[in-house]
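For reference, the chains in residue letters:
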Amino acid sequence: MFAAYYRETGEAAHVLETGAMPVPVPAAGEVLVRLCCSGVNPSDVKKRAGKMPAPVAFGRIVPHSDGAGLIEAVGAGVDPARIGSRVWLWNAQWRRAMGTAAAYCALPSAQAVPMAQNVGFEAGACLGIPAQTAWSAVMDGHPAPGRRVLVHGGAGAVGALAIAIAAEAGASVIATTSSPEKAAIARGSGASHVLDYRKTDVVQAVNDLTAGAGVDHIVDVDLGANHGVNGAILAEGGSIAAYSAPSAPVFPLDYYAFAARAARLRFVQVYLLDDTERQRAVSAVSALAARGVIAPVIARRYPLDQIVEAHLAQERGGLIGNIILDIAEP
């Protein structure tokens, strides 16, 4: 089969290779999936770059955790009726050598989730990390009618999905974005109010919108950049679910700003959801996608042999939506 891989971490153009590899054989409890699309997430490129732990001890790593395709074979103990079914994958390349940037991927059966016929493979390749992160981050704040949720980066791959999930639960959603184009995406996802953080005093605007009460929950794409604003707009007993801090991963935190509100801060790490939350996330994300509540935006797609360009695009940022690889044997 044709696959992309790296043998050491480093810059994309220096370490990523493509070539032939044996088709994996599904072990007991596993399924073999013929990939149609592979998601390219920030964590995938960070692992390849050596900025996150990566199991280089495996010698050769096929990257990417997310993907979607068709089950082609099953290992011992897996119902043969699964063969031919459409599935989306999660954690494919997590503490394993074999990810989704290949024609085939063998992985535990539970990590290949049945996918509704109305959900495209390109959308399915964005459910593993972006959608489960959004769901986990939003649900940490118990969204419901009467609850106020603020989503930073409301047009991002996670942010837009978080808005849709919170709005579906009945919460009133405020989003921050940085352009009219991004604002339109946030509104289309279900945000009641959208604030351009480059042109608006977010603290004043949120306090005006909430009559000074603040928001009950914040979903944060860049905690290091936003912690000052968060401390000024969070309601008493409020919570923050942070899933990244790209611009300032190390920063001073104003303890008393949050302690005075009895705030709760959670770091969302979608790779490490416990079994109960994972089951809930998988079930909820599948149902929301099938109903069209969440529909990942595809910003750019590349063929597998252009994986270097896909990784560079992810690293540059600035795109609205997800990056995927279209998988096909050359």
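Model, not experiment: these values are computed from the prediction.

1. Description of the overall build of the protein
No. 1: Summing up its helical and strand segments, the protein has eleven helices and 15 strands in all.
No. 2: Whereas a compact globule of 330 residues would reach a radius of gyration of roughly 20 Å, the protein reaches 20 Å, a difference of no more than 12%.
No. 3: When the backbone C-alpha atoms are referred to their principal axes, the protein occupies close to 60 × 40 × 35 Å.
No. 4: For the protein, the proportion of its 330 residues judged to be buried stands at 55%.
No. 5: Residue pairs at least 24 apart in sequence account for 69% of intrachain contacts in the protein once pairs closer than 6 positions are excluded.
No. 6: When the accessible surface of the protein is summed, it comes to about 13700 Å², and 54% of that surface belongs to carbon and sulfur atoms.
No. 7: A gap of 1 Å separates the mean positions of the 26 positive and 28 negative side-chain charges of the protein.

2. Here we look at the nonpolar core
No. 1: By size, the foremost hydrophobic cluster in this structure holds 52 residues, and its most contacted members are W88, V219 and I294.
No. 2: Counting only elements with at least two residues in this core, the list comes to β3 (30–40), α3 (121–124), α4 (127–139), β8 (148–152), α5 (159–168), β9 (172–177), α6 (180–189) and α10 (275–290).
No. 3: Broken down by element, the residue count for this core peaks at seven residues, all from α4.
No. 4: Listed in part, the 41 residues of the second largest apolar core include M21, V33, V62 and Y302.

3. What about unusual backbone geometry?
No. 1: At N91, a residue that is not glycine, the phi angle is positive and equals roughly 50 degrees.
No. 2: Structurally, N91 is set in the loop between β5 (86–89) and β6 (104–108).
No. 3: Taking the relative accessible area as the measure of exposure, N91 reaches 6% and is therefore buried.
No. 4: Located in the positive-phi region is A211, a residue other than glycine, with phi close to 55 degrees.
No. 5: Among the secondary structure elements, A211 is positioned in the loop between α7 (202–209) and β11 (215–220).

4. Points about helix α8 (residues 223–233)
Think of an α-helix as 3.6 residues a turn; residues three or four steps apart then line up on the same face.
No. 1: Listed in full, the buried residues belonging to α8 are L223, G224, N226, H227, N230, G231 and I233. Summarising the axial view, the buried residues of α8 lie within an arc of 160 degrees, below the 170-degree limit, and thus occupy one face.
No. 2: Contact partners of the buried residues in α8: β8, α7, β11, β12 (234–242), α9 (255–259) and β13 (264–267).

5. Side note on the packing of aromatic side chains
Aromatic ring pairs are described here by two measures, namely the spacing of the ring centres and the angle between the planes.
No. 1: Inspection of every chain in the model, using the stated rule, returns two aromatic pairs.
No. 2: Residues W94 and Y271 carry aromatic rings whose centres are separated by 4.4 Å and whose planes lie at 20 degrees to one another, so their mutual orientation is stacked. With W94 in the loop between β5 and β6 and Y271 in the loop between β13 and α10, the pair connects residues that are 177 residues apart, well separated along the chain.
No. 3: The ring of Y5 has R60 sitting right over it, with the charged end atom 4.9 Å from the ring centre.
No. 4: Here R86 stacks its cationic end above the ring of F121, 4.6 Å away from the centre of that ring.

6. Brief notes about the pairing of strand β4 (residues 67–74)
No. 1: Bridge analysis of β3 against β4 gives seven bridges, and the strand direction is antiparallel. Directly across from L32, in β4, lies its bridge partner A73.
No. 2: One ladder, built from four bridges, connects β4 with β5; its direction is antiparallel. Across the sheet, G69 pairs through a bridge with V87, a residue of β5.

7. Focus on the side chain of Q111
No. 1: Here Q111 is to be found in the loop between β6 and β7 (112–114).
No. 2: Judged by relative accessible area, which is 13%, Q111 ranks as buried.
No. 3: Polar side-chain contacts of Q111 include one of 3.0 Å to the backbone oxygen of W90.
No. 4: Leaving out residues up to four positions away in the same chain, Q111 has contacts with W88, L89, W90, N91 and A92.

8. Observations regarding the sheet that holds β11
No. 1: The parallel open sheet is built from six strands, whose spatial order is β10-β9-β8-β11-β12-β13. The open sheet terminates on both sides in strands that have one partner only, identified here as β10 (193–196) and β13. Pairwise comparison of adjacent strand axes, ignoring direction, gives a mean angle of 15 degrees for this sheet.
No. 2: As paired strands, β8 and β11 are joined by three bridges and run parallel to one another.

9. A short note on the packing of helix α2 (residues 42–49) against helix α11 (residues 307–316)
No. 1: Between α2 and α11, the shortest axis-to-axis distance is 9 Å and the interhelical angle comes to 105 degrees. Taken as axis vectors, α2 and α11 run roughly perpendicular relative to one another. On α11, the residues touching P42, D44, V45, R48 and A49 of α2 are H311, Q314 and E315.
No. 2: Here the residues of the contact of α2 with α11 sort into three nonpolar, two polar and three charged.

10. Some details on α2
No. 1: Regarding α2, the residues found buried are S43, D44, V45, K47 and R48.
No. 2: Where α2 ends, the next residue or the one after it, G50, has phi of about 90 degrees, a positive value.

Conventions and cut-offs
Residues numbered from 1 in each chain as written. Predicted model: local features only at pLDDT ≥ 70, side-chain atom pairs only at ≥ 80, totals over all residues. Heavy atoms only, no water. Helix = DSSP H or I, 4+ residues; strand = E, 2+ residues; numbered from the N terminus. Rg over C-alpha atoms; globule rule 2.2 N^0.38 Å. Buried < 20%, exposed > 50% of the residue type's maximum accessible area, 1.4 Å probe, protein only. Contact = heavy atoms within 4.5 Å. Areas by Shrake-Rupley, 256 points an atom, 1.4 Å probe, with all protein chains shown as cover. Lys, Arg positive; Asp, Glu negative; His and termini not counted. Charge placed at Lys NZ, Arg CZ, Asp CG, Glu CD. Core = buried A, V, L, I, M, F, W, Y, C linked by side-chain atoms within 4.5 Å. Arc of directions from axis to C-beta. Phe/Tyr/Trp six-rings, centres within 6.5 Å; stacked < 30°, edge-to-face > 60°. Lys NZ or Arg CZ within 6 Å of the ring centre and 35° of its normal. Pairing = 2+ DSSP bridges. Polar contact = N/O pair within 3.5 Å; in protein donor to acceptor, adjacent residues only side chain to side chain. Axes fitted to C-alpha atoms, helices over the stretch in contact; angles between N-to-C directions. Parallel < 35°, antiparallel > 145°, perpendicular 65-115°, else oblique. Nonpolar A, V, L, I, M, F, W, Y, C, P; charged D, E, K, R; others polar.

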